[in-house]
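Observations on the model geometry
Single-letter residue listing:
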Amino acid sequence: MLTQRSGHGFSRAAVIGAGLMGRRIAGVLASAGLEVMITDTNAEILDTAAAEAREVSGAERGSVSTTSDLGSAVQHADLVVEAIIENLAIKQQLFERLAGLAPKALLATNTSVLPVGAVTERVENGGRVIGMHFWNPPDLIPVVEVVPSARTAADTVERTFALLTAAGKMPVRVGRDVPGFIGNRLQHALWREAIALVADGVCDAETVDLVVRNTIGLRLATLGPLENADYIGLELTLAIHEAVIPGLNSNPHPSPLLRQLVTDGQLGARTGHGFLDWPAGALARTAARLSQHISAQLESDNNEGKH
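Anyway, here's the lowdown on the structure attached to this text. On a predicted model such as this, the values are computed, not experimentally measured, just so you know.

1. Structural notes on the pattern of salt bridges
Enumeration over the complete set of coordinates arrives at seven salt bridges. Between Asp139 and Arg24 there is a salt bridge, and its shortest N-O distance comes to 2.7 Å. Highlighted residues: Asp139 in the loop between strand 6 (129–134) and strand 7 (143–147) and Arg24 in helix 1 (residues 20–31), separated in sequence by 115 residues. Asp139 sits in the partly exposed class, given a relative accessible area of 23%. Taking the shortest distance from any N to any O, the salt bridge between Glu82 and Lys91 comes out at 2.3 Å. Assigned by exposure class, Glu82 and Lys91 land together as buried. Salt bridges linked by common partners bring Arg23, Arg24, Glu52 and Asp139 together as one network.

Printed below as a string of structure tokens:
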């Protein structure tokens, strides 16, 4: 019999969506001692998803099982985490079903950009809905953005924080339910300017990435943007902004270059070409490089914290 962890009170969770995010979120929840059920409309991927979730969680913590039936997955859950396609209409339909199938469970969405209030608007009891945005890969990235909607109860926020802390994560509260929350607003502001530099002929895509990785990328892991602004002095920051900001891209719509690539079917690593060329095996090598880098960075940070 599973003992509930103090503070959050959750014992059984259902994760809807067995893709890369869902299966690893399931592993994180199991590592906090929960019995986790993974469900997906594609039953063929469930066994692989469960194996990966168990690898993430560790053999001695929680449990992971699967079912292709949504009702069976959520009927005994006190926490349901949605990790499906980033489509507002589809998410709204799912949460409308969940409201009836799991009438007492806390309902969380892992949306990375959609307002939580919009995703969960069809749930009558809005006090039990919340955004729980894990970053990819969710088992490695410490931060989880906790996003209350205007209807979310304070107790729901507190229990979510307690659960994520028990799972070894670093929950942060997003004070307003805005599209993209915190991290993705920052990330895609950078991406907009990066694409604009290529579209305007300032440099090619390889050069953008080379510069970012070997300048600001080297600093960001230890020196956040506002700390950096203070570090160099706000009078210098202001002077730089006066010179640079008027020339930055401020288009309120996606770049025509990005839209054209998508229209042409050049979708990036999955299709072999996007802003860059992706020969066979490049995607797997990049995923491994990313995982190794994050793990090494976290290990270094942990070692520094011990001194």
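2. Examining the packing of aromatic side chains
As enumerated under the stated definition, the model contains zero aromatic pairs in all. Across from the ring centre of Phe10, 4.0 Å away, lies the NZ or CZ of Arg159, which sits over that ring.

3. Regarding a nonpolar patch on the surface
A cluster of nonpolar side chains, namely Tyr231, Ile232, Leu236, Ile240, Val244, Ile245 and Leu248, defines an oily patch on the protein surface of about 620 Å² accessible area. Of all the secondary-structure elements, those providing two or more residues to the nonpolar patch are helix 10 (225–232) and helix 11 (234–244). Per element, the largest residue contribution to the nonpolar patch is three residues, and it comes from helix 11. Relative to the assigned elements, Val244 resides in helix 11.

Here is what the cut-offs are and how they apply
Residues numbered from 1 in each chain as written. Predicted model: local features only at pLDDT ≥ 70, side-chain atom pairs only at ≥ 80, totals over all residues. Heavy atoms only, no water. Salt bridge = Lys/Arg side-chain N within 4 Å of Asp/Glu carboxyl O. Helix = DSSP H or I, 4+ residues; strand = E, 2+ residues; numbered from the N terminus. Buried < 20%, exposed > 50% of the residue type's maximum accessible area, 1.4 Å probe, protein only. Phe/Tyr/Trp six-rings, centres within 6.5 Å; stacked < 30°, edge-to-face > 60°. Lys NZ or Arg CZ within 6 Å of the ring centre and 35° of its normal. Patch = residues over 30% accessible without salt bridge, like charges linked within 9 Å, V, L, I, M, F, W, Y side chains within 5 Å. Areas by Shrake-Rupley, 256 points an atom, 1.4 Å probe, with all protein chains shown as cover.

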